[in-house]
Amino acid sequence: MNSIVYNSQPLIVFKKVSKVYGRGGAAVHALRGVDLTIMPGEFVAVMGPSGSGKSTCMNILGCLDTPTSGDYVFEGIYVGNLSRDQRALLRRHYLGFIFQGFNLLHRTSALENVELPLIYRGTPLEERRRRGLAALAAVGLAGWESHTPGELSGGQQQRVAIARAIVTEPKVLLADEPTGNLDSERSREIMELLTTFNRENHITILMVTHEADMAAYSGRQICFRDGRIDENQMVKSRVAL
Amino acid sequence: MIWETFMLAQREIRRNMLRSSLTILGIVIGVAAVITMVTLGNSATAQVSADIAKLGSNLLQVRPGQGFHGPGGVRSAARMFTQADAEAILAQISGIAAVAPASSRTTQAIYGNENRSTTVMGSTNDFLAVRNWTLATGRLFTESEMRSGKALCILGATVQKELFGGQNPIGNAVRLQKLTCQVIGTLESKGQSSFGTDQDDFVLLPLRTFQRRIQGDNDVSVIYVSAREGFSTEKVQRNIESLMRERRKIPRGKEDDFNVRDMKEIMNTLTGTTRVLTTLLAAVAAVSLLVGGIGIMNIMLVSVTERTREIGIRLAIGALEKEVLLQFLVEALVLSSFGGVVGIILGLGTAAIGANALGAPFIWSPGLVALSFFFSGAVGVFFGYFPARKAARLDPIEALRHE
Ligand SMILES: Nc1ncnc2c1ncn2[C@@H]1O[C@H](COP(=O)(O)OP(=O)(O)OP(=O)(O)O)[C@@H](O)[C@H]1O
Ligand SMILES: [Mg+2]
């Protein structure tokens, strides 16, 4: 908790953010007017039952998706006013995303996958190599850099996806169940890594998880229920801490 | 940036070898087909022109009847010429190198047990000159032999081979109908004409001998005239026309009952035909190029799920729409122009082998090569780039969700 600076500007603000999929009778209300404030340097665990809107919320936070209504303010900027390209640049320079389904490039080596965000940042080849290898080593995949996703286990693929998200040292790391496919030993290692990232590099982290053990690493927990943030649950977890 | 994109594209291509090869296969086959067809067509056209030039390009043919009925076509109703007509042309028209009156008929040539149905041609030594024939062995007719109509003959290469095999025919006697005549010479072979007829299949007799002993009249069915070097064949042709009208007493306003043809006209008719054929073949080949393009589109559609996800990933980690599109454009261009180059090499190779087999000259057109190259590029862009553009305009999350 000591890393949270309460009197600074909020990093992320959600104002009554809603997301509706489909329309008419088949409409699904994935988010129902979510208000959320994240301060710089926070490590937040996002919990809640399946289908409660966690991934939807993360996708909007990651500028991959746009809300049906409401405002998303990132560092004082209204994201809804940005163009497609401006949002892409925001993703490129400030955000790191670990997808629930990994989303690695097929037939592309682990190292090349990890280097990909650096290519779009215009990082020179030498530095790209160095940082890519370092990121892979950090997730315990040293020596696996030339393997393609098809040659890696689910857990290894997940760790490549983590390495790709952290290699750029983003301002905000959005992790959708980053330990979902890992054993408890590996999960703990990854959580240690993320905690170090959060403490030492002052990277703000939002992490979706189903496991209380993992959520325990965070500084704050928020719980989704049916497209809303469940205040009671939040208080309860705080008390538990 | 461009270099990075190029490297990225070629890595992507190599990474997806099967997809890439299937994609370019269509272009390779299409381009190769177009190049082969058109090049072979051009070679055939050149072959026909060369063959006709061998007949003598400054050659005129004066025949009874109207219009051109193809080689040897004669209208029976029209009056024939006489040797006097030929002599008048030589004497009264300037710019003429040689005149050869000729008549012919198909008959059996017999030597010993061998016999062959062939064309017996009555003419003069000048016939050989105007039609570019050269003696292989023996000699020509002498002036007095011609005048007195001696029973002598010169054999074309085919007749010689059929009747005598390896034997030397000079001095031997060949029977043509009731006429027995002595062989005094043989001709060099010219081979098949481009119309497929055997040019060497004939026996040459002095015109007088042919008229008296074979045909039984004084008719001349064709007069070959060769214009002298540097003289306009058109002018010679017009002069012959007016001389013949005068000699044949055709009143003003009545049509000619004969025709004078320039070999150039005949050449144009025939090369025109082969050109039409070339165009037709090229059209067929172009269809195959289009089918190749549709093949590419199929491959692209099959891989669109994978590609859309890839585009989604790139967009999600911060690629701009135009960066992704540039990559796909370069990829499509590299692939299709590589396919184009392979197709061009393959097509030219096939055409060279084909031309060699036909004995035609191999003539390739740089314009065609350039056109095929650009066309293959266009096919690649059209079928490879546009599907990618559709994907790049999606929201990243939609592209990622694409199944
Ligand atoms: N593309 C979509 N089209 C229609 N409905 C969708 C779409 N994506 C999500 N939903 C719906 O929105 C709701 C929230 O989905 P979301 O993926 O955010 O859940 P989640 O909390 O991440 O669940 P999980 O823990 O299983 O990952 C669900 O009811 C889901 O069916
Ligand atoms: Mg989810």
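Here goes a summary of the coordinates provided. (Residues numbered from 1 in each chain as written. Chains lettered and ligands numbered in written order. Predicted model: local features only at pLDDT ≥ 70, side-chain atom pairs only at ≥ 80, totals over all residues. Heavy atoms only, no water.)

Notes on the overall build of chain B
- Of the regular secondary structure elements, chain B holds 13 helices and 10 strands.
- Classification of the 403 residues of chain B by burial places 49% in the buried group.
- Considering only residue pairs separated by 6 or more positions, chain B has 77% of its internal contacts joining residues 24 or more positions apart.
- When the accessible area of chain B is evaluated, it comes to approximately 19100 Å², of which 59% is carbon and sulfur surface. (Helix = DSSP H or I, 4+ residues; strand = E, 2+ residues; numbered from the N terminus. Buried < 20%, exposed > 50% of the residue type's maximum accessible area, 1.4 Å probe, protein only. Contact = heavy atoms within 4.5 Å. Areas by Shrake-Rupley, 256 points an atom, 1.4 Å probe, with all protein chains shown as cover.)

Structural notes on the packing of aromatic side chains
- Summed over all chains, the structure comprises 8 aromatic pairs over all chains.
- Taking 6.2 Å as the distance between ring centres and 55 degrees as the angle between the ring planes, the aromatic pair formed by Phe74(A) and Tyr94(A) counts as tilted. Here Tyr94(A) lies in helix α2 (residues 84-94) and Phe74(A) lies in strand β4 (residues 69-74), a separation of 20 residues in the sequence.
- Classification of Phe74(A) as buried rests on a relative accessible area of 2%.
- A network of ring pairs unites the aromatic residues Phe127(B), Trp133(B), Phe202(B) and Tyr224(B) as a single cluster.
- Between Lys190(B) and the ring centre of Trp133(B), over which it is positioned, the NZ or CZ distance is 4.5 Å. (Phe/Tyr/Trp six-rings, centres within 6.5 Å; stacked < 30°, edge-to-face > 60°. Lys NZ or Arg CZ within 6 Å of the ring centre and 35° of its normal.)

Some details on the packing of helix α3 (residues 83-92) of chain B against helix α8 (residues 233-247) of chain B
All names here are of chain B.
- Contact geometry for α3 and α8: axes closest at 11 Å, N-to-C directions at 135 degrees. As summarised for this structure, α3 and α8 are arranged oblique, according to the angle between their axes. When the axes of α3 and α8 are compared, the crossing they make is right-handed. Contacts between α3 and α8 involve Ala84, Asp85, Ala88, Ile89 and Gln92 from the first element and Ile240, Leu243, Met244 and Arg247 from the second. (Axes fitted to C-alpha atoms, helices over the stretch in contact; angles between N-to-C directions. Parallel < 35°, antiparallel > 145°, perpendicular 65-115°, else oblique. Left-handed = near helix turned anticlockwise from the far one by under 90°.)

Remarks on the pairing of strand β1 (residues 59-64) of chain B
All names here are of chain B.
- Here β1 lies mainly inside the structure; 6 of its 6 residues are buried.
- Alternating positions in β1 separate into two faces, Leu59, Gln61 and Arg63 on one and Leu60, Val62 and Pro64 on the other, with burial throughout.
- Bridge count between β1 and strand β9 (residues 222-227): 4 bridges; the pairing is antiparallel. The residue bridging glutamine 61 from the neighbouring strand is tyrosine 224, located in β9.
- Summarising the sheet, β1 and strand β10 (residues 258-262) pair through 5 bridges and their orientation is antiparallel. From the neighbouring strand, leucine 60 faces β10, where its bridge partner is aspartate 262. (Pairing = 2+ DSSP bridges.)

Things to note about helix α3 (residues 110-121) of chain A
Residues and elements named next belong to chain A.
- A large share of α3 lies buried, amounting to 11 of its 12 residues.
- When α3 is considered as a whole, its buried residues turn out to be Ala110, Leu111, Glu112, Asn113, Val114, Glu115, Leu116, Pro117, Leu118, Ile119 and Tyr120.
- Directly after α3, the chain includes glycine 122, whose backbone phi takes a positive value near 75 degrees.

Examining the sheet that holds strand β3 (residues 43-47) of chain A
Residue and element names in this part refer to chain A.
- With mixed pairing, the 6 strands of this open sheet are ordered in space as β6-β7-β8-β3-β9-β10. Lying at the two open borders of the sheet, with one neighbouring strand each, are β6 (95-98) and β10 (228-229).
- Pairing analysis gives 4 bridges linking β3 to strand β8 (residues 204-208), with the strands arranged parallel. Looking across to β8, one finds that phenylalanine 43 is bridged to isoleucine 205.
- Where helix α6 (residues 184-200) meets the sheet, it contacts β3, β7 (172-176) and β8, and its direction lies at approximately 150 degrees from that of β8.

Describing the sheet that holds strand β1 (residues 12-21) of chain A
Residue and element names in this part refer to chain A.
- Pairing within the open sheet is antiparallel, and its 4 strands lie in the order β2-β1-β4-β5. Since the sheet does not close on itself, it has two edges, and those belong to β2 (28-38) and β5 (77-78), each with one partner.
- Where β4 meets β5, 2 bridges bridge the pair, whose relative direction is antiparallel. Each residue of the ladder has a partner; that of phenylalanine 74, found in β5, is isoleucine 77.
- Strands in contact with helix α1 (residues 54-61) are β1, β2 and β4; relative to β1, the strand with the most contacts, it is inclined by about 120 degrees.

With respect to the coordination of the magnesium ion (ligand 2)
- Every protein donor of the magnesium ion (ligand 2) is accounted for by Ser55(A) (OG) and Gln100(A) (OE1), and the metal-donor separations fall at 1.9 to 2.5 Å. Within this pair, whereas Ser55(A) is found in helix α1, its partner Gln100(A) is found in the loop between β6 and α3, the two being separated by 45 residues in sequence. (Donors = N, O, S within 2.8 Å, 3.2 Å for Na, K, Ca; no water.)

Quick look at the interface of chain A and chain B
- Counting residues at the interface gives 26 residues for chain A and 28 residues for chain B.
- Overall, the association of chain A and chain B removes approximately 2500 Å² of surface from exposure, summing both partners, and the carbon and sulfur fraction of that is 49%.
- If you sort the residues of chain A by the area they bury against chain B, Arg84(A), Arg107(A) and Tyr120(A) come out on top, with a joint share of 27%.
- The interface formed by chain A and chain B holds 3 salt bridges in total. (Buried area = accessible area lost by both parts, 1.4 Å probe. Salt bridge = Lys/Arg side-chain N within 4 Å of Asp/Glu carboxyl O.)

Looking at the site of ligand 1
- Neighbouring ligand 1 are 15 residues, the closest being Ser50(A), Gly51(A), Lys54(A), Ser55(A) and Thr56(A).
- Chain contributions to the surroundings of ligand 1 come from chains A and B.
- In this structure, Ser50(A) approaches ligand 1 through a side-chain N or O atom, which is 2.5 Å from an oxygen atom.
- Considered on its own, ligand 1 offers 630 Å² of accessible surface; in the complex 67% of this is hidden by protein.
- Grouping the amino acids of the shell around ligand 1 by side-chain chemistry returns 4 nonpolar, 8 polar and 3 charged. (Near = heavy atom within 4 Å. Polar contact = N/O pair within 3.5 Å; in protein donor to acceptor, adjacent residues only side chain to side chain. Nonpolar A, V, L, I, M, F, W, Y, C, P; charged D, E, K, R; others polar.)

Points about the environment of Met244(B)
All names here are of chain B.
- Tracing the backbone shows methionine 244 in helix α8.
- Judged by its relative accessible area of 0%, methionine 244 falls in the buried class.
- Those residues in contact with methionine 244, other than ones at most four positions away along the chain, are Phe81, Asp85, Ile89 and Phe258.

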